[in-house]
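# Fold and geometry: a report
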Amino acid sequence: MDYRLTAAFQTDEELMALLGQGRHEALAELVRRYQNDLFRFCLHYVRDAERARDMAQESFIRVYAARGRFDPTRKFRPWVLCIARNLCLNELKRKKAVPMESLEEYATAARDETGEVLRSSSDGPDQLLMAAERRQLLTKALERLDEESREIVTLRFFERLQARDIAEIIGSTEGAVRTRLHRILKSLRHIYIGEKEKW
Amino acid sequence: MNTEDRDRLLEQLIDYLEGALDEETSRRVEEEMVSSDALRRERVWLEQLYTDLDEMGRAFAGRVPRVDMVGAVSDTIKLHPPDTDSNSARGRTVRRRDWVRWTVGLAMAAGLIMALGLAWYRTTLVEPGRTVAPEIRPGVRLSEAGIPKPESHSLEAVSPFDIIKNELREQSEKLRPSKLPRSVLAEKSKEAGEPTVPMPSLEDVLAARRDSSGGMARLMQWAQINTEKARLLVEDPKTPAPILVAVASALSANEAERALLTAVGHLPEDPHARLELARALGEQGTPEKQAEAAAQLPALRGLDPDNALPYYLEAKIAFDRGDFAAGLQALEAATQLGTASAYAMESALGQARALTEMGMQPEVARLISALTAGADQYEFLYNLASDLLQYGQGFMAAQDYATAEQIIEAVQQFGRQVEEGAQFSQEAIAGLDIQTAAIDVLHALYTTVESAEGVEDLTAQTQDLVGRIYELNGFFNRLNDLLFSQATADFWNLVTGIILESGDLLLFDYLDPSAVRSVTATVP
């Protein structure tokens, strides 16, 4: 049976092991699985589709280059995201671009065409107004976070990574990530309430 | 409560929501929440924050285009093999043809001919008014058209393409029960006669959707706009334009044209009304009506400049009148855009309003529209692609392989654009089926001209397509689990709301996973 027909049933770590044995088709399956995730992940950093695509593509090249020393006891996903993050940060330093500039774009995405995203079908006008108000306050609160905090918010809530994986990606510990998450959410709360009082 | 206590509680709550507490501490937090209003309020606030952040992320993710870099990564590794663990050379990444923005033009066709190294290709520029070989028969559907048999080919009898094609066939077969081709269902509903339950309840609709024998026909009967009621609505000057657009399909050609002209007059900025008018005119088939249909397209393009569909319509109309240069020019412009949409969302919302106007309960009307959304667009889009492919095959039969390839690759791109712009699963199926059909014809072309490289490219594209069909099948499995569950009416109202706001493809992104789990646990 053609290997390619069974690749879909291999775990990421099994595919890396096969890649390490010289089975290059395994890389194609990994690319298929992660190309969109990685592209979106890089987009958070470099904010440009073409560059994000280049960074994602280069990440896979790095995966291939490191195929011989991948530790099969570790998880593939945070490992490849760590590679992608490092590439993006180096790229940003090289191009002197401003990383993770604004989370306004996330709010815009939630506001414009999909502006109804924060309401349910049964919401009346009051609930819609509350949702719009909440969105606005949240955007203001997010804008006031520092760069590192915005990165944690992006990884935790937009990429839906757990603290352990975030720690691996940014080169920290799980405890440190949790502590930062505490600070961020408390800070958001504080800013949110302060903004609300101004209204 | 002082600030320190509040901070401590907040941290514990965060860890609780993150699942980071051990069992004993979790239990303690839950007990504290029972007795503490302040803690419960903090929890509500935090959960809302989590939901809002999650939705912001989903909305962003929903706008990020899909990419295909399998080929590019493979090419880069072949051309610039990286040293194990070394830093990559900058700028070495090979950019393959970008599926998202793919330019197909005469110049590229000429370049492709050179790359294929087939000196006997004619690079004929098609002149306006040139008649094509008699093999082209407009209106003949793809399945009826003959594909020229190659006299000989040197490719292996069982190739990697054959293997992946089998897998494509298998996955497509699994998708078949989820398709809702309107014309087939309309036939079945006619056979079924008048509905025994003229105004269904929510339970009736769900039962019909679950019934694989005659249920879909019943659903289509309920979804049909009654012609007499449609006429009354059209005659009422107070009927809003979106309802006029929705009921036009129930009317005769002339009546529909008048209703849609009225709708466009009321809402000149509405691209959906404009498209439906162009469709209604084009479907009448005469050269005069085709010209009137074509006259709507510039306005449609102006209203929705990123939508490739008007260009494909323009190409088809140009081909029908024999102006192949204009048709090819329209295809070239079409393939440079990102998405193609026939406004299934607007159509579904209009249908729900029209059914409500006709006396159906609003939540039932919305559920019917949500469950059948995109079916009409599937037929329209697939038939358009089929017509264009027919022209591609005609050029193949006339041995103008360059032009044939340009047209067929444009149709393949059309399929990708439809898939990319899909909000509903039926639209996504249309995009996938169009790509499948184009791949079939391209394979015939590459076999005819003995292009091993072309077949190899096609194999990779087909493999990617199989992956996406597999994903869509996964989506339908989840949807069927929901459909067969014992969910409450409130839950179905929530589902309908999400579908009619964001499309069914994003349904599971917006539904709370724990709610889905508890509902689908009731599936017998």
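Residues numbered from 1 in each chain as written. Chains lettered and ligands numbered in written order. Predicted model: local features only at pLDDT ≥ 70, side-chain atom pairs only at ≥ 80, totals over all residues. Heavy atoms only, no water.

Below, the discussion takes up the overall build of chain B. Within chain B one finds 25 helices and zero strands. The long-range fraction of contacts in chain B, counting pairs at least 24 apart against all pairs at least 6 apart in sequence, stands at 72%. (Helix = DSSP H or I, 4+ residues; strand = E, 2+ residues; numbered from the N terminus. Contact = heavy atoms within 4.5 Å.)

Counting its regular elements, chain A contains nine helices and zero strands. From first element to last, N terminus to C terminus, chain A shows the α and β order α-α-α-α-α-α-α-α-α. Residues classed as buried in chain A amount to 52% of the 199 residues present. Look at the contacts in chain A between residues 6 or more apart in sequence, and 64% of them connect residues 24 or more apart. When the accessible area of chain A is evaluated, it comes to approximately 9,100 Å², of which 48% is carbon and sulfur surface. (Buried < 20%, exposed > 50% of the residue type's maximum accessible area, 1.4 Å probe, protein only. Areas by Shrake-Rupley, 256 points an atom, 1.4 Å probe, with all protein chains shown as cover.)

A separate point is the pattern of salt bridges. All names here are of chain B. Within this structure, the stated rule accounts for 38 salt bridges over all chains. One salt bridge in this structure joins K316 and D320, with 2.8 Å as the shortest N-O distance. Within this pair, K316 and its partner D320 are both found in helix α15 (residues 309-320), separated by four residues, close to a single helical turn. Judged by its relative accessible area of 18%, K316 falls in the buried class. We classify D320 as partly exposed; its relative accessible area is 28%. (Salt bridge = Lys/Arg side-chain N within 4 Å of Asp/Glu carboxyl O.)

Turning next to helix α18 (residues 362-372) of chain B. Residue and element names in this part refer to chain B. The buried count for α18 comes to eight of 11 residues, which makes it a mostly enclosed element. Among the residues making up α18, those that are buried are V364, A365, L367, I368, S369, A370, L371 and T372. Two residues or fewer after α18 comes G374, characterised by a positive phi angle close to 90°.

This part takes up the confidence of the model for chain B. Residues and elements named next belong to chain B. The predicted model of chain B averages 79 in pLDDT, with 80% of residues at 70 or higher. Within the model, pLDDT remains below 50 along residues 85-92, and this stretch shows 14 contacts once partners closer than five positions in the same chain are excluded. Below pLDDT 50 for its whole length, residues 96-157 participates in 114 contacts with residues either more than four positions away or in separate chains. The ipTM for the predicted assembly is 0.81, set against a pTM of 0.54. (pLDDT = per-residue confidence, 0-100.)

All names here are of chain B. Closest axis-to-axis distance for the helix α17 (residues 344-357)/α18 pair is 8 Å, and the angle between their directions is 145°. Seen from above, α17 lies across α18 with right-handed handedness. Packed against α17, whose contacting residues are A348, Q351, A352, L355 and T356, the element α18 presents P362, A365, R366, I368, S369 and T372 at the interface. Residue composition of the contact of α17 with α18, grouped by class: six nonpolar, four polar and one charged. (Axes fitted to C-alpha atoms, helices over the stretch in contact; angles between N-to-C directions. Left-handed = near helix turned anticlockwise from the far one by under 90°. Nonpolar A, V, L, I, M, F, W, Y, C, P; charged D, E, K, R; others polar.)

What follows is about the nonpolar core. Grouped together as the largest cluster of nonpolar side chains are 127 residues, with contacts concentrated most on L309 and F414 of chain B. In terms of residues, this core owes the most to one element, helix α21 (residues 425-448) of chain B, which gives 13 residues. The contact partners of L309 of chain B, leaving out residues within four places of it in the chain, are L275, A340, S341, A342, F380, L381, L384 and F414 of chain B. Within the second largest apolar cluster, 79 residues are counted, among which are A56, A84 and L92 of chain A together with W45 of chain B. (Core = buried A, V, L, I, M, F, W, Y, C linked by side-chain atoms within 4.5 Å.)

Turning our attention to the side chain of R274 of chain B. Positionally, R274 of chain B belongs in helix α13 (residues 271-282). One buried charged residue, R274 of chain B, forms no salt bridge at all, with the nearest opposite charge on E269 of chain B at 6.7 Å. (Lys, Arg positive; Asp, Glu negative; His and termini not counted.)

Counted under the stated rule, the structure contains 15 aromatic pairs over all chains. Judged by centre distance (4.7 Å) and plane angle (55°), the rings of F70 of chain A and W79 of chain A are tilted. You'll find F70 of chain A and W79 of chain A in the same group, each marked buried. Centre to centre, the rings of F475 of chain B and F508 of chain B are 5.9 Å apart; their planes meet at 75°, and the pair counts as edge-to-face. Highlighted residues: F475 of chain B in helix α22 (residues 452-483) and F508 of chain B in helix α24 (residues 507-510), separated in sequence by 33 residues. On the accessibility criterion, F475 of chain B (9% relative accessible area) is buried. In this structure an aromatic cluster arises from ring pairing among Y34, F70, F76 and W79 of chain A. One Lys or Arg, R156 of chain A, reaches over the ring of F157 of chain A and ends 5.1 Å from the middle of that ring. (Phe/Tyr/Trp six-rings, centres within 6.5 Å; stacked < 30°, edge-to-face > 60°. Lys NZ or Arg CZ within 6 Å of the ring centre and 35° of its normal.)

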